[in-house]
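# A look at the structure
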Amino acid sequence: MKIIRMILAGIFIIIGAVGLILPVFPTVPFLITAAVIMGKKPTDVIKLFRYISKNIELRMRRLIRKLKKNHTNK
């Protein structure tokens, strides 16, 4: 049962991450659903959200830098 919950939570996290890129998809409801599915302590959920948001933010910054660099080189 734990593996199924982890898979479902992972799917919701991925959908939430897609919501950062596509304005049509909401982000927060999917991340909250993933946290509820995992049923962890609130402090663990907060740590998970911080890790996810930090990781996504870093990747988005790298992507933006790369796009700016490619755009200025043309």
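The structure we're discussing is the one just above.
Remember, predicted model here, so these are calculated numbers, not experimental data. (Residues numbered from 1 in each chain as written. Predicted model: local features only at pLDDT ≥ 70, side-chain atom pairs only at ≥ 80, totals over all residues. Heavy atoms only, no water.)

## Here we look at the overall build of the protein chain
Looking only at helices and strands, one finds three helices and zero strands in the protein chain. For 74 residues, the compact-globule formula gives about 11 Å, and the C-alpha radius of gyration of the protein chain, at 15 Å, lies well above that figure. Seen through its principal axes, the protein chain has C-alpha atoms that stretch 50 × 25 × 20 Å. Scored against the burial criterion, the 74 residues of the protein chain give a buried share of 15%. Residue pairs at least 24 apart in sequence account for 39% of intrachain contacts in the protein chain once pairs closer than 6 positions are excluded. Here the protein chain has roughly 6200 Å² of accessible surface; of this, 69% comes from carbon and sulfur atoms. (Helix = DSSP H or I, 4+ residues; strand = E, 2+ residues; numbered from the N terminus. Rg over C-alpha atoms; globule rule 2.2 N^0.38 Å. Buried < 20%, exposed > 50% of the residue type's maximum accessible area, 1.4 Å probe, protein only. Contact = heavy atoms within 4.5 Å. Areas by Shrake-Rupley, 256 points an atom, 1.4 Å probe, with all protein chains shown as cover.)

## Describing a nonpolar patch on the surface
On the surface, a cluster of nonpolar side chains totalling about 660 Å² of accessible area is made up of Ile-14, Val-18, Leu-20, Ile-21, Leu-22, Val-24 and Phe-25. With respect to the helices and strands, the residue Phe-25 is situated in the loop between helix 1 (2–21) and helix 2 (28–38). (Patch = residues over 30% accessible without salt bridge, like charges linked within 9 Å, V, L, I, M, F, W, Y side chains within 5 Å. Salt bridge = Lys/Arg side-chain N within 4 Å of Asp/Glu carboxyl O.)

## Observations concerning the packing of aromatic side chains
Applying the stated criterion to the full structure yields one aromatic pair. Here Phe-12 and Phe-30 contribute two aromatic rings whose centre-to-centre distance is 6.1 Å and whose plane-to-plane angle is 25°, an arrangement assigned as stacked. Taken together, the residues span a long stretch of sequence, with Phe-12 in helix 1 and Phe-30 in helix 2 at a distance of 18 residues. By relative accessible area, which is 22% here, Phe-12 ends up partly exposed. (Phe/Tyr/Trp six-rings, centres within 6.5 Å; stacked < 30°, edge-to-face > 60°.)

## Some remarks on the packing of helix 1 against helix 2
Between helix 1 and helix 2, the shortest axis-to-axis distance is 8 Å and the interhelical angle comes to 170°. Accordingly, the angle class assigned to the pair helix 1 and helix 2 is roughly antiparallel. Crossing handedness for the pair helix 1 and helix 2: left-handed. Side by side, helix 1 and helix 2 meet where Arg-5, Met-6, Leu-8, Ala-9, Phe-12, Ile-13, Ile-15 and Gly-16 of the first sit next to Phe-30, Leu-31, Thr-33, Ala-34, Ile-37 and Met-38 of the second. Considered class by class, the residues forming the contact of helix 1 with helix 2 number eleven nonpolar, two polar and one charged. (Axes fitted to C-alpha atoms, helices over the stretch in contact; angles between N-to-C directions. Parallel < 35°, antiparallel > 145°, perpendicular 65-115°, else oblique. Left-handed = near helix turned anticlockwise from the far one by under 90°. Nonpolar A, V, L, I, M, F, W, Y, C, P; charged D, E, K, R; others polar.)

## Comments concerning helix 2
Those residues of helix 2 lying buried are Leu-31, Ala-34, Ala-35 and Met-38. In a view along the axis of helix 2, the buried residues occupy a sector of 100°, so they form one face of it. Immediately beyond the C-terminal end of helix 2, within one or two residues, lies Gly-39, with a positive phi of roughly 60°. (Arc of directions from axis to C-beta.)

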